[in-house]
Each structure stands twice: as C-alpha cells, then as structure tokens.
Amino acid sequence: MAARLLRLHGHGAAGQLYSIFNSKFLLQYSTTAVATTCDPTHFLMNYLVDSLGFSKEEAITTNTKVTRLKPTENPQLVLNFFEQSGLDKTHIGKIVSAVPKLLLCDVDKTLKPKLDILHDLGLCGSDLVKVITGSMSILKNTEVSDMKSCVSYLRKVLGSDENVMKAVKKKPCLLSVKGCERLRTNMLFFQSIGFSDEDIKKFIVQNPYTLLACPESVEDKVDRLKKDFNISQGSGMFIHGVAVLISMKEATVDTKFGVFRDYGWSKWDIIKLVQLLPYCLRLSQKRLRAALNFYMGELGLKPAYLASHPTLLMFSMKKRVLPRLELMRSLVEKKLYDEDYNLYTILLPSDPKFYQIYVLPYKDMIPDVCELYNKFQQHGKAEK
C-alpha cells in the first residue's frame, strides 16, 4: 500500500504519510509511558514494598482492597498527606495495613479536618496511630461535624483535653455518634443510682469500655454485683466490679468460679475474693490454676487466707513470687532471716522497695546477694 501511495503522490506525499504514522506512534508511546509512570496501582505497590517494608504478598493484598473499590483519589495524595502530618514510615505502615480503605479518602474534605481535630486534642505519633487503627470507622465514615460534636461533648463531661485524650486512646469509638449515645445513656443510669459527676468522670477516663457497653447489659451486671456479691455502691470496689463483670461473659465468670470450687473454695470464699479484688476473675484459667497449685499445694495456704489476700493471685509467679522466695530461702539458710517470715509482707512491696529492705542490708554479709536476686529475676523474665 505504501508503494502504491508513493507512485500516486511522489516523495512529498510519502514524507507526509511517514510523518503522520510517526506522530501517532509517538503519541501512543507517550500516553502509555505516562500512564505506566502515574498509574496509582503501580505507585502503591512500589511504595508499600520499598518505603513501608511490606512483603510482596502483603502489598498485593492491600493493593487489591484499594483498587477493587475504584478509588476516585490517587492513593499517593493520601500517603503524601500522612507524611506531611508528621507520621513516619512505621506509623503510615501500621495505618495502611490496618485500614487500607483510608487510601481512598478525600484528603481535604475528610482526612485533614479529622486529623486536625485529633491533633488539637494533643494526639500525635504512636498515640495518633493507636486511635486511627483502633476504630476503623472514625476517619473513613464518621462525619467531620459529628466528630466535632463528640469532642465538644467529651470536653464538657471530662473537663480537659488531657482527660479526653486518655479516654479516646483507650476507646477511639468515643468519637463516633454511636459511642457518644451509649455514653450518654449509661451516664444517666449511673447518675440515677447515685454516682456523682466526678465519679463518672473518673470511670470514663479509667474504664471507658464499661460505659460503652450495651445499656441493658450494664444494668444487669450492676444488679448482679449487688445481689450475688453483696458489693454496695459505696464500696471502693463497686465501680471496678462493674468494669470486670461487663468485660466478661456470664459463662466465663461461671467457669472461673468452677476453678475455685475445684480447689475446695466455698461460695463465701469466692464472694470475699470478688469483694476485695474483682480483677482476680480476669486471670486466665491457666494462670489461676498455677497460682492455686503453688499457694495451696506447695505452701499449704487455705482458701480463706487467699480470699482475704487476693493480691497474691495477681502477682507474677516467675517474675515476682519465685525470685523473692528463692532469695528468702538463701537468707534463711545462712541464718540471716527468721524462717517464720510473713509471706504477704515479702511479696507485697514494689521491686525497688523489696530490694531496699531485703537485699541491700545483706550485701556486705553476702557479697553476691544482689547478683543472686538479679539472677533469679532475670531467669523468671526469660521464662515468661
């Protein structure tokens, strides 16, 4: 065909035809090259692997979650925004891994206004990442106006940005409409049964998940605490008992009771324990049985004693109990301490206090006593 055109139109026409073909080819090549260079999918894969340290498989999984939703924004804009907001590569990697859909968000309309709100509360770095990844809906689904309303409400209830930040770090969903509604409902209930605003404020800061539970469940657990465990609202442990029971299923609580009964505990022993330290119910069955085996099986302690000294069950066997008792055994053997020492008195002090009372006074008589105790402690930590 080209030869026929040459015959028909001569060399000038051939040059013109060549120019047309060449222009189309260059245009096609240029378009392809630009598309390859600016393709969000290509960029995202490289960024995840090269900059954030994702494995190829992790990058493919994340990339698939993003691209299948046909993003209207280039993910590169979101990643650039995170970097400009002061987040490092590690922080960005955690966010993208936990909530890849954030890469689809509009930076100016969604991400920037919400991050500004979090920054205003004092959240930054790892704390900011914890809040973002702790509730996937906050940055993506919660409206900016709703988020502002939630922060205003929390400021009013908790009195300071510091308290708001503490509560939000523990339960980021406090910044959602649903979270604030549950908080209001449960606050009204606690106010109705006699809790002061100051008590409720402390409760939210320390145990916000309790006031975010289903309102019906909260009322049921409060009733059980009063009826089954005889814990009055005036007790300092009441609020902690509520927190423990709300965080556990009924079946789990009953299972823990079964463990105590296996070791000969009476109903009243268990009630006494819960009245003094309800957090004992949160111990795993394995840890609970290990503690009971040691205290009751090896040391011969009775249920009544343990129920009256529940903190003993909370102490770490390998990091606290065994190293201290091993040190005391050495002191008794060398006749430096009375063998009738009080177990609770030995185990209760903090590590620095214990070291000051039971280790340092004997360092001259037993030069290696400090090293001995440190060795016991390190051995316990290694076996944790």
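Preceding this paragraph is the structure being described.
Only a predicted model underlies this, so the values are computations on that prediction, with no experimental measurement involved. (Residues numbered from 1 in each chain as written. Predicted model: local features only at pLDDT ≥ 70, side-chain atom pairs only at ≥ 80, totals over all residues. Heavy atoms only, no water.)

Draft legend 1. Here's a closer look at the pattern of salt bridges. Counted by the stated rule, this structure contains 13 salt bridges. We note a salt bridge from R224 to D254, for which the minimum N-O separation is 3.6 Å. Taken together, the positions of R224 in helix α13 (residues 215–229) and D254 in helix α15 (residues 250–262) put the pair 30 residues apart, joining distant regions of the chain. The class of D254 is partly exposed, set by a relative accessible area of 38%. Between R324 and D351 there is a salt bridge, with the nearest N and O atoms lying 2.8 Å from each other. Of the two residues, R324 is situated in helix α20 (residues 317–333) and D351 in helix α22 (residues 351–359); the sequence distance between them amounts to 27 residues. (Salt bridge = Lys/Arg side-chain N within 4 Å of Asp/Glu carboxyl O. Helix = DSSP H or I, 4+ residues; strand = E, 2+ residues; numbered from the N terminus. Buried < 20%, exposed > 50% of the residue type's maximum accessible area, 1.4 Å probe, protein only.)

Draft legend 2. Looking closely at the packing of aromatic side chains. Evaluation of the coordinates by the stated rule reveals 11 aromatic pairs. Ring centres of F81 and F82 lie 6.1 Å apart, and the angle between their planes is 45 degrees; on these two criteria the pair is classed as tilted. This pair shows no difference in class: F81 is buried, exactly as F82 is. Taking the centre distance of 4.6 Å and the plane angle of 50 degrees together, the rings of F260 and W265 count as tilted. Like F260, the residue W265 is buried in the burial classification. Clustering of aromatic rings is evident, with ring pairs tying together F189, F190, F195, F203 and F238. (Phe/Tyr/Trp six-rings, centres within 6.5 Å; stacked < 30°, edge-to-face > 60°.)

Draft legend 3. Structural context of the packing of helix α9 (residues 144–158) against helix α10 (residues 161–170). The contact between α9 and α10 brings their axes to 8 Å, and the two run at 115 degrees. In this view, α9 runs roughly perpendicular relative to α10, as classed from their interaxial angle. For the pair α9 and α10, the sense of crossing is right-handed. On α10, the residues that touch L154, R155 and L158 of α9 are D161, N163, V164, A167 and V168. Of the residues contributing to the contact of α9 with α10, the split by class is five nonpolar, one polar and two charged. (Axes fitted to C-alpha atoms, helices over the stretch in contact; angles between N-to-C directions. Parallel < 35°, antiparallel > 145°, perpendicular 65-115°, else oblique. Left-handed = near helix turned anticlockwise from the far one by under 90°. Contact = heavy atoms within 4.5 Å. Nonpolar A, V, L, I, M, F, W, Y, C, P; charged D, E, K, R; others polar.)

Draft legend 4. Examining the nonpolar core more closely. Judged by nonpolar contacts, the single largest core of 102 residues is most densely connected at F190, Y295 and L313. When near neighbours in sequence (up to four residues on either side) are disregarded, L313 contacts F260, L273, C280, L283, R287, L288, A291, L292 and Y295. Residues L331, F354, V359 and Y362 belong to the second largest nonpolar core, which totals 11 residues. (Core = buried A, V, L, I, M, F, W, Y, C linked by side-chain atoms within 4.5 Å.)

Draft legend 5. Just the packing of α15 against helix α17 (residues 285–298), in detail. With their axes 11 Å apart at the nearest point, α15 and α17 run at an angle of 20 degrees to one another. By the angle between their axes, α15 is roughly parallel relative to α17. With respect to the hand of their crossing, α15 and α17 are arranged in right-handed fashion. For the pair formed by α15 and α17, the contact residues are T255, K256, V259, F260 and D262 on the first element and Q285, L288, R289 and L292 on the second. A per-class count over the contact of α15 with α17 returns four nonpolar, two polar and three charged.

Draft legend 6. Fine view of the side chain of T142. In this structure, T142 sits in the loop between α8 (137–140) and α9. T142 gets classed as buried once you look at its relative accessible area, which sits at 9%.

Draft legend 7. Just the side chain of N163, in detail. With respect to the helices, strands and loops of the structure, N163 is situated in helix α10. Here N163 falls in the buried class, since its relative accessible area comes to 17%. In this structure N163 touches L158, K201 and V205, once residues within four positions along its chain are discounted.

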